[in-house]
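Residue strings, one per chain:
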Amino acid sequence: MNTALKYPSAILPIRRDLKFNLPADRISDWHQPAGPIFTAFLNTFSIVLPIGERFFIDSVRAYRDQITDPELKRAITAFIGQEAMHGREHEEYNNALFAVTPVAPKFERLVKGILDGVTRYTPKSFALSATIALEHFTALLADSVLREPRVSEGAEPHYRALWMWHALEETEHKAVAFDTWTAVMGRGPGAYAIRAFGMTAATVIFWALVIPAFLAVLRTEGKLADTKAWRKFYTFTLGDIGVLRIQLRDYFDYFRPDFHPWDHDNREFLLQIDAFLAEQEKLVA
Ligand SMILES: [Fe+2]
Ligand SMILES: [Fe+2]
């Protein structure tokens, strides 16, 4: 089995135990420049982050004992630590959301049931292939948040800081699950087939779950008919700002047999971490 990593330990992630003291009363309008529909879109992602990140942790941890490279082992420990912290902070975020959006906990239970089913009834390689696919998603969204200042400009500072922190750390650890995959599965055609199938399935299932949940959140919040907010949503997702549009090419790169997350070298954003941490400390002081 080919266990050589293409970018051995390009970045060693660091677990950071941060708090954000989110103002719960701003949960539905924390991003006024982007409008209520784009805000609800990010809130819908948040609903599934704690259970999704738990799933990522479990699927990487299931292979940890097979990893011999000490640097990758260290990176896995840091990855688990980072995802655990993200889950904890998004739980606080979700507490505020669940209090005003009763459909949100129902959506969380549905997705939890599906992820538990994947863990219980499919081979652990499939859970890891779903994890590396969804980690690619999060890395792409993180890149949009870090690349395009207008995505977060003018948002309520505590919420903005939470998403910036998450984007920075998703970038920092974007190759850890993938390197685990390569180390245990190799780069042969069989591994490629499972990885490509995992991304196809993850894409279809993810949007098939997220879109109806997003619409249900909007319906309960009475925002479905807000045409001005839909125009802003278009600008932010597919239009000029385009958090989804600007990532399309990188999304498809995943299907190249020799793909690696650091082929998209955006480590320059990680230089912002120290300045970000100093700001964040002031914010929650
Ligand atoms: Fe995360
Ligand atoms: Fe992640």
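**Notes on the packing of helix H3 (residues 103-121) against helix H7 (residues 189-220)**
Closest axis-to-axis distance for the H3/H7 pair is 10 Å, and the angle between their directions is 165 degrees. Regarding the angle of H3 to H7, the classification is roughly antiparallel. Relative to H7, the crossing made by H3 is right-handed. Residues Val103, Phe107, Leu110, Val111 and Ile114 of H3 lie in contact with H7, whose contacting residues are Leu209, Val210, Ala213, Ala216, Val217 and Thr220. Split by residue class, the contact of H3 with H7 holds 10 nonpolar, 1 polar and no charged.

**Remarks on the nonpolar core**
Grouped together as the largest cluster of nonpolar side chains are 90 residues, with contacts concentrated most on Phe20, Phe38, Tyr93, Phe107 and Phe276. The leading source of residues in this core is helix H1 (residues 35-61), at 14 residues. Those residues in contact with Phe20 that lie beyond four places of it in its chain are Glu89, His158, Ala161, Leu162, Trp165, Phe276, Gln280 and Val284.

**Details of the layout of surface pockets**
Here the largest pocket is characterised by a volume of approximately 800 Å³. Counting only elements with at least two residues in the lining of the largest pocket, the list comes to H1, H3, helix H4 (124-147), helix H5 (157-172) and H7. When the residues that make up the lining of the largest pocket are grouped by side-chain class, the tally is 32 nonpolar, 7 polar and 3 charged. Estimates place the volume of the second largest pocket at around 280 Å³. Around the second largest pocket, the lining is made up of 13 residues, and of these Phe137, Trp207, Leu244, Leu248 and Tyr251 lie nearest the centre. Elements supplying a minimum of two residues to the lining of the second largest pocket: H4, H7 and helix H9 (248-253).

**Some details on the packing of aromatic side chains**
This structure, assessed with the given rule, holds 25 aromatic pairs. Each ring, one from Phe45 and one from Phe206, has its centre 5.8 Å from the other, and the planes form 25 degrees; the classification is stacked. You can see Phe45 sitting in helix H1 and its partner Phe206 sitting in helix H7, a full 161 residues away along the chain. It is Arg195 that lies over the ring of Tyr254; its NZ or CZ is 4.9 Å from the centre.

**Quick notes on the coordination of the iron ion (ligand 1)**
Taken together, the protein ligands of the iron ion (ligand 1) are Glu53 (OE), Glu83 (OE), His86 (ND1), His166 (NE2) and Glu170 (OE), with distances of 1.9 to 2.3 Å. Counting along the primary sequence, the residues that act as donors to the iron ion (ligand 1) give the motif E-x29-E-x2-H-x79-H-x3-E. A gap of 3.8 Å separates the iron ion (ligand 1) and the iron ion (ligand 2), which Glu83 links by coordinating each metal. Note that Glu53 is positioned in helix H1 and His86 in helix H2 (residues 70-100), a separation of 33 residues in sequence. A relative accessible area of 1% places Glu53 in the buried class.

Conventions used here
Residues numbered from 1 in each chain as written. Chains lettered and ligands numbered in written order. Predicted model: local features only at pLDDT ≥ 70, side-chain atom pairs only at ≥ 80, totals over all residues. Heavy atoms only, no water. Axes fitted to C-alpha atoms, helices over the stretch in contact; angles between N-to-C directions. Helix = DSSP H or I, 4+ residues; strand = E, 2+ residues; numbered from the N terminus. Parallel < 35°, antiparallel > 145°, perpendicular 65-115°, else oblique. Left-handed = near helix turned anticlockwise from the far one by under 90°. Contact = heavy atoms within 4.5 Å. Nonpolar A, V, L, I, M, F, W, Y, C, P; charged D, E, K, R; others polar. Core = buried A, V, L, I, M, F, W, Y, C linked by side-chain atoms within 4.5 Å. Buried < 20%, exposed > 50% of the residue type's maximum accessible area, 1.4 Å probe, protein only. 1 Å grid on protein atoms, 1.4 Å probe; cavity = no way out; pocket = protein on both sides within 12 Å on 5 of 7 lines; lining within 4 Å. Points joined across faces, edges and corners; volume = space filled by probe spheres on them. Phe/Tyr/Trp six-rings, centres within 6.5 Å; stacked < 30°, edge-to-face > 60°. Lys NZ or Arg CZ within 6 Å of the ring centre and 35° of its normal. Donors = N, O, S within 2.8 Å, 3.2 Å for Na, K, Ca; no water.

In short, the description is geometric, and any link to function would need to be established separately.
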